[in-house]
Amino acid sequence: MSRPLVVDSVAALRTQIRDWRRQGLSLAMVPTMGALHDGHISLITIALEKADRCIVSIFVNPTQFAPSEDLDKYPRQLAQDLDRLADAGAQLAFTPGVAEMYPAGFATRISVGGPAAGLESDFRPTFFDGVATVVAKLFLQASPDYAVFGEKDYQQLCVVRQLCRDLDLPVDIIGAPTVRDAHGLAMSSRNAYLADAELEVARQLNAILRRTAAALAAGADEDSATAEASRALVKAGFDKVDYVAARESLTLAPWRRDRDGRLLAAAWLGKTRLIDNVEVPSALADQATLRSFIAFS
Ligand code: AMP
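Note that the structure is predicted; figures quoted are calculated from it, not measured.

Judged by nonpolar contacts, the single largest core of 36 residues is most densely connected at Leu13, Ile55, Phe94, Val135, Phe139, Phe149 and Ile173. Looking at this core, the elements that each hand over two or more residues are helix H1 (10–22), strand E2 (27–32), strand E4 (92–94), helix H6 (127–142), strand E5 (146–150) and helix H7 (154–167). The dominant element in this core, judged by the number of residues it contributes, is H6, at 10 residues. Not counting the four nearest positions on each side in its chain, Phe94 is found in contact with Val7, Asp8, Ser9, Val10, Leu13, Ile55, Val56, Ser57, Ile58, Met101, Leu138 and Gln141. Formed by 25 residues, the second largest nonpolar core is a distinct cluster that contains Ile208, Ala246, Trp255 and Ala267.

Okay, here's the thing in structure tokens:
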């Protein structure tokens, strides 16, 4: 088990990358905000299947947090994260400080439309501008061949794909399945905020989404099914539901039964906001696929 090289400046990152490029090696990047869990590690495993070297960035990006959000409270545990990166086999950790990423006078923001509209943006209107800006910077700093993003943040994955397409960023974006605990709860650094009783409630989120997706796939009315899901979340103990919505899976345009869909939700447990999403198979999926999806739900 070798330790990753740790660099915190763009210059040092580029020196190492130039060296790897000279050796003809391919590179994959996994952008994170740290507090690494098994979900992050799964992205690194996929990155290393694709490329010779994996660069993991750890940066709690202030431009994607609104002033009312949890930037100061967000978990930071670099020493532990570096141990996990060593176990996972990542070769480089890029751990810039805020001043390295946003030096005094920084004045540019990237704004993505299309899949960024609605859902998260209705509740976090500056979030995806912050994500797009930092992801574009990371890609220009590291120039990876591939980057791996989790389906856990499904809208973000769609936004990053759109960003690369629109700005001709030559990075192949790979979406990775959501890693869950044994009860279906999507792993998240923010789960650390949850008390034991809240964890029990949080575990209902995925079950309710799966049940709703199965109902939609079986022909249920979209508005009634999503409204019923919101009620079920509140009944399970969530304090507030921001949205439960079905969308077309590639573009996040309104859902159509003849296209693959995605059911996405965000809900609050006390001061913690959780998001999750599941697939909604298209009515055109073959019957065996639909039956196995419903049986699993
Ligand atoms: P974050 O550190 O929360 O910004 O997440 C960094 C990357 O890890 C993003 O691409 C996330 O979508 C991904 N990720 C977070 N949680 C999970 C999970 N449970 N399963 C798979 N990927 C995840």
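This brings us to the packing of aromatic side chains. Tallied over the full model, the rule gives 6 aromatic pairs. Plain terms: the ring middles of Phe139 and Phe149 are 6.3 Å apart, the flat faces sit at 75° to each other, and that makes the pair edge-to-face. One end of the pair, Phe139, is in helix H6; the other, Phe149, is in strand E5, with 10 residues separating them in the sequence. Of the residues examined, Phe139 reaches a relative accessible area of 4% and is grouped as buried. The cationic tip of Lys73 hangs over the ring face of Tyr193; the distance from NZ or CZ to the ring centre is 4.3 Å.

So, about the site of the ligand. Close to the ligand lie 17 residues, the nearest being His40, Gly150, Asp153, Val179 and Met187. In this structure, Asp153 approaches the ligand through a side-chain N or O atom, which is 2.6 Å from an oxygen atom. Separating a nitrogen atom of the ligand from a backbone N or O atom of Met187 is a distance of 2.8 Å. Within the complex, 92% of the 480 Å² of free accessible area of the ligand lies under protein. If you list the elements that add at least two residues to the shell around the ligand, you get E2, helix H2 (38–50) and E5. Looking at the shell around the ligand, the element that brings in the most residues is H2, giving 3 residues. Per-class residue counts for the shell around the ligand are 8 nonpolar, 7 polar and 2 charged.

This next bit is on the sheet that holds strand E7 (residues 240–248). Taken in spatial order, the 3 strands line up as E7-E8-E9 in an open sheet, and their pairing is antiparallel. The two strands at the open ends of the sheet, each matched to only one other strand, are E7 and strand E9 (272–280). Neighbour to neighbour, the strand axes of the sheet diverge by 15° on average, direction disregarded. The pairing of strand E8 (residues 261–269) with E9 spans 9 bridges and is antiparallel. Bridge pairing in E9 places Leu264 opposite Asn277. Those strands touched by helix H9 (residues 204–217) are E7, E8 and E9, and its axis lies near 30° from that of E9.

Counting through the fold element by element, Pro254 comes out in the loop between E7 and E8. Along the sequence, Pro254 and Ser2 sit 252 residues apart, while their C-alpha atoms lie 47 Å from each other. When near neighbours in sequence (up to four residues on either side) are disregarded, Pro254 contacts Arg247 and Glu248.

This part takes up the pattern of salt bridges. Per the stated rule, a full pass over the model turns up 14 salt bridges. For the salt bridge of Asp70 with Arg190, the shortest nitrogen-to-oxygen distance reads 2.9 Å. Of the two residues, Asp70 sits in the loop between strand E3 (53–58) and helix H3 (78–88) while Arg190 sits in the loop between strand E6 (172–176) and helix H8 (196–202), which places them 120 residues apart along the sequence. Arg190 gets classed as buried once you look at its relative accessible area, which sits at 19%. Notably, a salt bridge pairs Glu228 with Arg231, separated by 3.1 Å at the nearest N-O pair. Residue Glu228 and its partner Arg231 are both found in helix H10 (residues 222–236); the two are separated by 3 residues, about one turn of the helix. Residue Glu228 is classed as partly exposed on the basis of its relative accessible area of 42%. The exposure class of Arg231 is exposed, given its relative accessible area of 53%. In this structure, a network of salt bridges that share partners links the residues Glu120, Lys240, Asp242 and Arg273.

At their nearest, the axes of H1 and H6 sit 9 Å apart, and the two run at 45° to each other. Overall, the two elements H1 and H6 adopt an arrangement that is oblique. Residues Val10, Leu13, Arg14 and Ile17 of H1 pack against Leu140, Gln141 and Ala142 of H6. Residues that form the contact of H1 with H6 fall into these classes: 5 nonpolar, 1 polar and 1 charged.

Cut-offs and rules
Residues numbered from 1 in each chain as written. Predicted model: local features only at pLDDT ≥ 70, side-chain atom pairs only at ≥ 80, totals over all residues. Heavy atoms only, no water. Core = buried A, V, L, I, M, F, W, Y, C linked by side-chain atoms within 4.5 Å. Buried < 20%, exposed > 50% of the residue type's maximum accessible area, 1.4 Å probe, protein only. Helix = DSSP H or I, 4+ residues; strand = E, 2+ residues; numbered from the N terminus. Contact = heavy atoms within 4.5 Å. Phe/Tyr/Trp six-rings, centres within 6.5 Å; stacked < 30°, edge-to-face > 60°. Lys NZ or Arg CZ within 6 Å of the ring centre and 35° of its normal. Near = heavy atom within 4 Å. Polar contact = N/O pair within 3.5 Å; in protein donor to acceptor, adjacent residues only side chain to side chain. Areas by Shrake-Rupley, 256 points an atom, 1.4 Å probe, with all protein chains shown as cover. Nonpolar A, V, L, I, M, F, W, Y, C, P; charged D, E, K, R; others polar. Pairing = 2+ DSSP bridges. Axes fitted to C-alpha atoms, helices over the stretch in contact; angles between N-to-C directions. Salt bridge = Lys/Arg side-chain N within 4 Å of Asp/Glu carboxyl O. Parallel < 35°, antiparallel > 145°, perpendicular 65-115°, else oblique.

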